[in-house]
Amino acid sequence: DRLGDILAANDGRSLPAPRLLPDDRALLGYTSGTTGVPKAAVLSHGNVAFNAGCIAAWYDFGDDAGPILGLAPLFHVTGLVGHIALSWALAAPLILQYRFNAETILEAIAEYRPCFTVGAITAFIAMMGRPEATPEVFSSFRRIVSGGAPIPSSVLEEFRRRTGHYIHNGYGLTETSAGIICVPSGREAPVDPASGTLSIGVPVFGVHAWIAGEDGSALPPGEVGEIVVSGPPVAAGYWNKPEETANAMRPDGFRTGDVGFMDEAGWFYLVDRKKDMINASGYKVWPREVEDVLYGHPAIREAAVVGVPHPYRGETVRAVVSL
């Protein structure tokens, strides 16, 4: 009853309007990044507001936006910005759940008719495995977006076959207030003919992205290096970690720790995390590429590839799959 007591004691009073400036801190988004040690990205109100407004404009939302389906956890930057802040920006209802369950989510879609959602590809894989995942149930959606993990093109096509909807790829980090490189509305991501990798998209409004080599210089199209980004959604630094801030947030852009390349047309492709590379007898093996091949097999529902110690090769490739 404590909340009731507080409300009763303050009945009739109104809170003073906060004076918030774009550079004022909004939240501390914790991320382990490439080191595995948790650190907090300091996101400002300007970071969050810009990204929420950018999502609304990028996917062509107007004043008629319907409910937003919350798939991502709210402790994650995607849930905070792509669900909560976006629903505020659109003045749209937000459909929430306690914990992800494919059957429950499909029931909510059928009942509340959301127009937009963003979530991990594993959530969409789980949903399309249910018999209730029909084009009729998904007919209310205007856009469906996935981020947080690479999307194999075979999974994307299977989702479209079962639900009638194309999943727009998106890429972002806690330090960038969620998505900053995304497939534009009304477009489909190209597939790199050499590697079979699905593009993560192009930089959104106001964001500059490029590929850096080992020496920090810009690489030409087709060359693999580290993805570097700059723009209004990028955090100013890490909470009480000046060394990590100086190392990652440099004058020419934020070093993401992700390896990728850009093609001649300006589409970006994610290869893998720097730390995930497997060194097998000197050969550089990217788990993402092996996973893409495994996803092409009709018997495999999900796959995860990791490096494990090996007495002869140093490291070797191990795959864990669900059928």
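Residues numbered from 1 in each chain as written. Predicted model: local features only at pLDDT ≥ 70, side-chain atom pairs only at ≥ 80, totals over all residues. Heavy atoms only, no water.

**With respect to the pairing of strand β11 (residues 225–230)**
Consideration 1: Burial analysis of β11 places five of its six residues in the buried class, which makes it a mostly covered element.
Consideration 2: In the sheet, strand β10 (residues 208–212) pairs with β11 via five bridges, with the strands oriented antiparallel. In the sheet register, alanine 209 faces β11, and the bridge partner there is valine 229.
Consideration 3: In terms of strand pairing, β11 meets strand β13 (residues 253–262) through four bridges, oriented antiparallel. Within the sheet, the bridge partner assigned to glycine 225 lies in β13 and is glycine 260. (Buried < 20%, exposed > 50% of the residue type's maximum accessible area, 1.4 Å probe, protein only. Helix = DSSP H or I, 4+ residues; strand = E, 2+ residues; numbered from the N terminus. Pairing = 2+ DSSP bridges.)

**Here's the deal with the packing of helix α2 (residues 45–58) against helix α3 (residues 77–90)**
Consideration 1: Interaxial distance between α2 and α3 falls to 9 Å at its minimum, and their mutual angle equals 75°. It follows that α2 is roughly perpendicular to α3 by the angle criterion. For the pair formed by α2 and α3, the contact residues are Val48, Asn51, Ala52, Ile55 and Ala56 on the first element and Val81, Gly82, Ala85, Leu86, Ala89 and Leu90 on the second.
Consideration 2: Broken down by class, the residue content of the contact of α2 with α3 amounts to nine nonpolar, two polar and no charged. (Axes fitted to C-alpha atoms, helices over the stretch in contact; angles between N-to-C directions. Parallel < 35°, antiparallel > 145°, perpendicular 65-115°, else oblique. Contact = heavy atoms within 4.5 Å. Nonpolar A, V, L, I, M, F, W, Y, C, P; charged D, E, K, R; others polar.)

**Observations regarding the sheet that holds strand β5 (residues 116–119)**
Two modes of strand pairing occur in sheets, parallel and antiparallel, and in both the strands are linked by backbone hydrogen bonds.
Consideration 1: Strand order across the open sheet formed by seven strands is β4-β3-β5-β6-β7-β8-β9, with mixed pairing between neighbours. Strands with a single pairing partner mark the edges of an open sheet, and in this sheet they are β4 (94–95) and β9 (202–203).
Consideration 2: Here strand β3 (residues 68–70) pairs with β4 via two bridges, running parallel. Residue isoleucine 68 lies in a different strand from β4, and its bridge partner there is leucine 94.

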